[in-house]
Amino acid sequence: MFERFSDEGRAAVVAAQAEAAALHHGYIGTEHLLLGVLSTGAGARLMAEFGVEADPVREDVVRIVGRGTDDIDPAALATLGIDFDAVRERVERSFGPGALSRRGCGRGLLSRHIPFTARAKKALELTLREGIALGARELRAEHLVLGLLREGDGIAARILHTRGLSFDEVRARIAGRDAA
Amino acid sequence: MAAEETRELAGAVDSTDPTVGLAAVASLRALVERLEALHVANARERGWSWQEIGVALGVSKQAVHRKHGRRRRLLG
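Keep in mind that what you see is a predicted model, and the values were worked out from it rather than measured.

Q: What should I look at first to understand the overall build of chain B in this one?
A: Within chain B one finds four helices and zero strands. Counted from the first residue to the last, chain B has its helices and strands arranged as α-α-α-α. Burial analysis of chain B (76 residues in total) assigns 14% to the buried set.

Q: What is the right way to look at the overall build of chain A in this model?
A: Per the secondary structure count, chain A includes 10 helices and zero strands. The order of α-helices and β-strands along chain A, N terminus first, is α-α-α-α-α-α-α-α-α-α. Taking all 180 residues of chain A together, the buried fraction comes to 37%. Long-range contacts, defined as pairs at least 24 residues apart, comprise 66% of the intrachain contacts of chain A with a sequence gap of at least 6.

Q: Which parts of the structure should I look at to understand the packing of helix α1 (residues 7-22) of chain A against helix α2 (residues 30-38) of chain A?
A: Helix packing for two helices is described by the angle between their axes and how far apart those axes are. All names here are of chain A. Closest axis-to-axis distance for the α1/α2 pair is 7 Å, and the angle between their directions is 120°. If you check the angle between α1 and α2, you find them oblique. Note that α1 runs across α2; the crossing there is right-handed. Listed contacts from α2 to A12, V13, A15, A16, E19 and A20 of α1 are H32, L33, L35, G36 and V37.

Q: Is there a simple way to think about the nonpolar core in this case?
A: Generally speaking, a soluble globular protein has its nonpolar side chains buried in company with each other. Counting residues in each nonpolar core, the largest one holds 35 residues, and the members touching the most others are A16(A), L33(A), L34(A), V37(A), V145(A), L148(A) and A156(A). Within the residue set of this core, elements represented by two or more residues are α1, α2, α3 (41-49), α4 (54-65), α7 (118-133), α8 (141-151), α9 (155-162) and α10 (167-179) of chain A. Other than its neighbours up to four places away in sequence, V145(A) contacts V37(A), L46(A) and V170(A). Counting seven residues, the second-largest nonpolar core is a separate cluster that includes I72(A), A76(A), A24(B) and A30(B).

Q: Sorry if this is basic, but what is going on with the confidence of the model for chain B here?
A: Segments scoring low in pLDDT should not have their predicted coordinates read at a detailed level. Residue and element names in this part refer to chain B. A residue-level look at chain B finds 71% of positions with pLDDT of 70 or above and a mean pLDDT of 79. Of all the helices and strands in chain B, helix α1 (residues 2-11) carries the lowest mean pLDDT, 55, while helix α3 (residues 50-57) carries the highest, 96. Low pLDDT, under 50, characterises residues 72-76; the stretch is placed with six contacts to residues that sit more than four places away or in other chains. On the interface metric, ipTM, the complex scores 0.70, and its pTM is 0.62.

Q: Looking at this structure, how should I read helix α2 (residues 18-45) of chain B?
A: Since there are 3.6 residues in each turn of an α-helix, residues three or four apart along the chain are aligned in direction. Here α2(B) is 28 residues long and its end C-alpha atoms lie 40 Å apart, about the 40 Å a rise of 1.5 Å per residue gives. Turning to α2(B), its buried residues number three or more, namely A24(B), S27(B), A30(B), L31(B), R34(B), A37(B) and V40(B).

Q: I tried to follow the confidence of the model for chain A on my own but got confused; where do I start?
A: This prediction gives chain A a mean pLDDT of 87; 91% of its residues lie at or above 70. Element-level pLDDT for chain A is lowest in α10(A), with a mean of 85, against a maximum mean of 97 in α2(A).

Q: Just checking my understanding: could you explain the environment of G98(A) for this structure?
A: All names here are of chain A. Mapped onto the fold, G98 is located in the loop between α6 (84-95) and α7. Residue classification places G98 among the partly exposed residues on the basis of 13 C-beta atoms within 10 Å. Between the C-alpha atom of G98 and that of R88, which follows or precedes it by 10 residues, the distance is 8.6 Å.

Q: Whenever I open this one, the packing of α2(A) against α4(A) confuses me. Can you help?
A: All names here are of chain A. For the pair α2 and α4, the least separation of the axes is 10 Å and the interaxial angle reads 170°. By the angle class used here, α2 and α4 are roughly antiparallel. Here the hand of the crossing between α2 and α4 comes out left-handed. Across the interface between the two elements, E31, L34, L35 and L38 from α2 touch A54, V57, R58, V61 and V65 from α4. Within the contact of α2 with α4, the residues separate by chemical class into seven nonpolar, no polar and two charged.

Definitions and cut-offs
- Residues numbered from 1 in each chain as written.
- Chains lettered and ligands numbered in written order.
- Predicted model: local features only at pLDDT ≥ 70, side-chain atom pairs only at ≥ 80, totals over all residues.
- Helix = DSSP H or I, 4+ residues; strand = E, 2+ residues; numbered from the N terminus.
- Buried ≥ 20, exposed ≤ 12 C-beta atoms within 10 Å, placed from the backbone.
- Contact = placed C-beta atoms within 7 Å.
- Axes fitted to C-alpha atoms, helices over the stretch in contact; angles between N-to-C directions.
- Parallel < 35°, antiparallel > 145°, perpendicular 65-115°, else oblique.
- Left-handed = near helix turned anticlockwise from the far one by under 90°.
- Core = buried A, V, L, I, M, F, W, Y, C linked by C-beta atoms within 7 Å.
- pLDDT = per-residue confidence, 0-100.
- Expected span 1.5 Å × (residues − 1).
- Nonpolar A, V, L, I, M, F, W, Y, C, P; charged D, E, K, R; others polar.

In structure tokens, the structure reads:
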């Protein structure tokens, strides 16, 4: 499916993955796709026309779903009687320095596969459908917004609805560009 | 020693406080995830099959492959 995306459309999806990883969310949801769109030039320009910007959206996402934790807090482990320093010392004795660090475990951004949620998959399918309906040669970041709005129930749609965006309005704005 | 201090601090907090308990669980889970990734990678390097790793971890070979297989390929 991603072969039908433009470079920028694909960049939005890659950025969505980065957003999910940065928030320590173990999935790519519609909210991350929206943030991905906002990270691209064309996507950000379209959204700016509707008063939607990346930072406030990210704040909303954190407020709604929270920030995941992927961090080990030695003090929290100590409440269970676990001495993290001792654990790390033993592991490093066997596997070398830094073995327990995220990078050492291969949990870096590119090495970790983050799955799409069912809603995000649905939004991607609808992006394809809406792009075809508009006669677009390739799917751009803007078309992702249509997919997210058409999906309708995800966090992205909620965030966009509270900002007064409607599918028809955004579609009308994009339609002119695809006709050209 | 810092660990001694944190233990004392921890003991001073009400252990039924959800904030403390849940933070401990989250940290423990993160620690387990990292240990698992490390040991699965080590086992694969030593030629263990996904089946053998699954048996040792008490999960199906499909589950362990799904979780760690792609990670290794991308790293490799």
